[in-house]
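Descriptive analysis of the structure
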Amino acid sequence: MNRRPLVLIICVVILAAFAAAAYLYVPSKSSQTSQQPQATAPAQAATEATSDSSNLVRFHSPVFGPAKAPVTIVEFFDPSCEACRAFYPHVKKILAENPAEVRLVLRYVLFHQASEEVARLLEASRKQNLYPQVLEAVLEAQPGWHDDPKAQEAWIVAERVGLNVEKARADMNTPAVDAVLKIDMQDVKAVGVQGTPTFFVNGRPLDEFGLEPLRQLVGSEVAKVRK
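Attention in this report is confined to the structure presented alongside it.

Thresholds, definitions, all that
- Numbering of residues starts from 1 in each chain and follows the order in which that chain's sequence is written.
- Local features are withheld for residues below a pLDDT of 70 in this predicted model, meaning they are given only at 70 or higher, and side-chain atom pairs are given and counted only at 80 or more; totals for whole chains, interfaces and linings count all residues.
- Just so you know, side-chain values use all the structure's heavy atoms and leave hydrogens and water out.
- The helix count covers DSSP runs of H or I at least four residues long, the strand count covers runs of E at least two residues long, and both are numbered beginning at the N terminus.
- Take the number of residues in a helix, subtract one, and multiply by 1.5 Å to get its expected span.
- By definition, a residue's bend is the angle between the axes fitted to the seven residues ending there and the seven starting there.
- Exposure classes here rest on a 1.4 Å probe applied to the protein chains alone. A residue is buried below 20% of its type maximum, exposed above 50%, and partly exposed in between.
- Any Lys or Arg side-chain nitrogen found within 4 Å of a carboxyl oxygen on Asp or Glu counts as a salt bridge.
- For two strands to pair, DSSP has to find at least two bridges joining them.
- What counts as an axis is a line fitted to C-alpha atoms, over the stretch in contact for a helix, and the angles between N-to-C directions run from 0 to 180 degrees.
- Note that the term roughly parallel is reserved for angles under 35 degrees, roughly antiparallel for angles over 145, roughly perpendicular for angles of 65 to 115, and oblique for everything else.
- Left-handed describes a crossing in which the near helix is turned anticlockwise from the far one by less than a right angle; the clockwise case is right-handed.
- By definition in these notes, contact holds between two residues if any of their heavy atoms fall within 4.5 Å.
- Under this grouping Gly is polar, as are all residues other than the nonpolar Ala, Val, Leu, Ile, Met, Phe, Trp, Tyr, Cys and Pro and the charged Asp, Glu, Lys and Arg.
- In the analysis that follows, any N or O atom pair within 3.5 Å is treated as a polar contact, provided that within protein one partner can donate a hydrogen and the other can accept it, and provided that, for residues neighboring in sequence, both atoms belong to side chains.
- Each Phe, Tyr or Trp ring, with Trp reduced to its six-membered ring, pairs with another whose centre is within 6.5 Å; inter-plane angles below 30 degrees give stacked pairs, above 60 give edge-to-face pairs, and intermediate values give tilted ones.
- Here, a charge over a ring means that NZ of Lys or CZ of Arg falls within 6 Å of the ring centre while also lying within 35 degrees of the ring normal.

**Here's the deal with unusual backbone geometry**
A cis amide bond, omega -5°, links Thr196 with the succeeding residue Pro197. As for its placement among the helices and strands, Pro197 is situated in the loop between α9 (175-191) and β4 (198-201). Even without being glycine, Asn129 reaches a positive phi, approximately 55°. With respect to the helices, strands and loops of the structure, Asn129 is situated in the loop between α4 (115-126) and α5 (131-140).

**Brief notes about helix α3 (residues 82-97)**
If you check α3, its first and last C-alpha atoms are 24 Å apart, about what 16 residues at 1.5 Å a residue would give, namely 22 Å. At Tyr88, α3 is deflected by roughly 35°, the largest bend along its length, and proline Pro89 occurs up to four residues later in sequence. Along α3, the residues classified as buried are Cys84, Phe87, Tyr88, Val91, Ile94 and Leu95.

**Some details on the pattern of salt bridges**
Two side chains of opposite charge can pair, provided their charged atoms sit close to one another. Taken as a whole and assessed by the stated rule, the structure comprises 13 salt bridges. Asp187 is the partner of Arg58 in a salt bridge, and the nearest nitrogen-oxygen pair spans 2.8 Å. Remark: Asp187 occurs in helix α9 and Arg58 occurs in the loop between α2 (29-54) and β1 (63-64); sequence separation between them is 129 residues. Judged by relative accessible area, which is 26%, Arg58 ranks as partly exposed. Asp187 gets classed as buried once you look at its relative accessible area, which sits at 2%. Its salt-bridge partner being Arg120, residue Glu116 comes within 3.0 Å of it at the nearest N-O pair. Placement of both Glu116 and Arg120 in helix α4 is noted, with a separation of four residues, approximately one turn of the helix. Given a relative accessible area of 38%, Glu116 falls into the partly exposed group. Residue classification places Arg120 among the buried residues on the basis of a relative accessible area of 11%. Ionic contacts of the salt-bridge type, sharing partners, join the residues Arg58, Arg107, Asp184 and Asp187 into one network.

**Considerations on the sheet that holds strand β2 (residues 71-77)**
With mixed pairing, the five strands of this open sheet are ordered in space as β1-β3-β2-β4-β5. Two strands close off the open sheet at either side, each with one partner strand: β1 and β5 (204-205). Bridge analysis of β2 against β4 gives four bridges, and the strand direction is antiparallel. When the bridges of β4 are listed, Ile73 appears paired with Val201.

**Observations regarding the packing of α4 against α5**
For any two helices packed against each other, the geometry is given by the interaxial angle and the distance between the axes. Between α4 and α5, the shortest axis-to-axis distance is 8 Å and the interhelical angle comes to 155°. Taken together, α4 and α5 sit at an angle that is classed as roughly antiparallel. Once α4 is placed against α5, the crossing between them reads as right-handed. Two secondary-structure elements touch here, α4 through Val118, Leu121, Leu122, Glu123, Ser125 and Arg126 and α5 through Tyr131, Val134, Leu135 and Val138. Classifying every residue of the contact of α4 with α5 gives seven nonpolar, one polar and two charged.

**Quick notes on the side chain of Glu117**
Within the secondary structure layout, Glu117 lies in helix α4. Within the structure, Glu117 has its side chain in polar contact with the side chain of Trp155 (distance 3.0 Å). Residues contacting Glu117, with those up to four places away along its chain left out, are Pro149, Lys150, Ala151, Trp155, Arg169 and Met172.

**Considering the environment of Ala170**
Within the fold, Ala170 resides in helix α8 (residues 165-171). Judged by its relative accessible area of 53%, Ala170 is exposed. Between the C-alpha atom of Ala170 and that of Ala124, which follows or precedes it by 46 residues, the distance is 8.4 Å.

**Brief notes about the environment of Gly210**
Residue placement: Gly210 occurs in the loop between β5 and α10 (211-226). For the pair Gly210 and Phe87, spaced 123 residues apart in the sequence, the C-alpha separation amounts to 9.0 Å.

**Here's the deal with the packing of aromatic side chains**
Applying the stated criterion across every chain yields a total of four aromatic pairs. Judged by centre distance (6.1 Å) and plane angle (70°), the ring pair of Phe76 and Phe200 falls under edge-to-face. Of this pair, Phe76 sits in strand β2 while Phe200 sits in strand β4; the two residues are 124 residues apart in sequence, bridging distant segments of the chain. Take Phe200: its relative accessible area is 11%, and that puts it in the buried class. For the ring pair Phe87 and Phe199, a centre distance of 5.4 Å and an interplane angle of 40° mean the geometry is tilted. Taken as a pair, Phe87 in helix α3 and Phe199 in strand β4 lie far apart in primary sequence, 112 residues in all. Taken together, the ring pairs in this structure connect Phe87, Phe199 and Phe209 into an aromatic cluster. The ring of Tyr131 is capped by Arg126, whose NZ or CZ atom sits 5.9 Å from the centre of that ring. The ring of Trp155 carries the charged tip of Arg169 above its face, separated from the ring centre by 3.9 Å.

What follows is the structure in C-alpha cells.
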C-alpha cells in the first residue's frame, strides 16, 4: 500500500481536531462583552456611594457643636439668603437643646450677587477665631448689604465684633479660600441643591421644607441615639 495518501489523511484528521478544540475553548467577542459589566459594576457602585457621602461633609467645612456628635445637620447655606437668615436662630436653638448629640456643618452656596464676598469674609474670620461672632453679625445686618456686591455693611458689622479687616481682606483671596468655595459649589451641583437653605440630617434629605419638619427629622435621629 502506498503510504503517502495514508500520511496525508492522518495530517488532515489532526488539523481538524486542533481546529475543533480552538473553536470550543476560545470565547466569542459577544461573550467577552457581556461579562465585563458584571466585573466592573460592584467597584463603580462603591465609588458612587463614597462620592455621595463626601459631597455632604468636607474636612474644611465650619462645624458648630461636638466634632463627634452622632447626629449631623448639613446645611447648604447662602449668606445672602433671607430664608437662611430666618432659619439660623432656630437651628441654633436645636443645637442648644441637644448639646451632646447634634452638630451643624455649613456648606456655602453662592446664588446671590453678594454671596461670594461674604463667604470669603466668613472664611477669613475663621483665621481670627471669630467665625460665630461674624456670622451672627452679618446675618443680622443682611438687609443692609444683601443687594451690594461688595457687601460694605457686612464688613462694617464684622469690624464691630472685632474682625481685623485689613488682615481679613488679605486672607479672603488666598488659594485655600478659593478651594473651599470651588469644592462647595461642586458639591452643590453634585447633590442637586436648587434653593437655600437645603438640609440633610445624618445623610437624609429634608423632604418637606420647613422648621417643624427639620425639628422632627432631627428629633427622630436623636431618639435613636438615646435608646
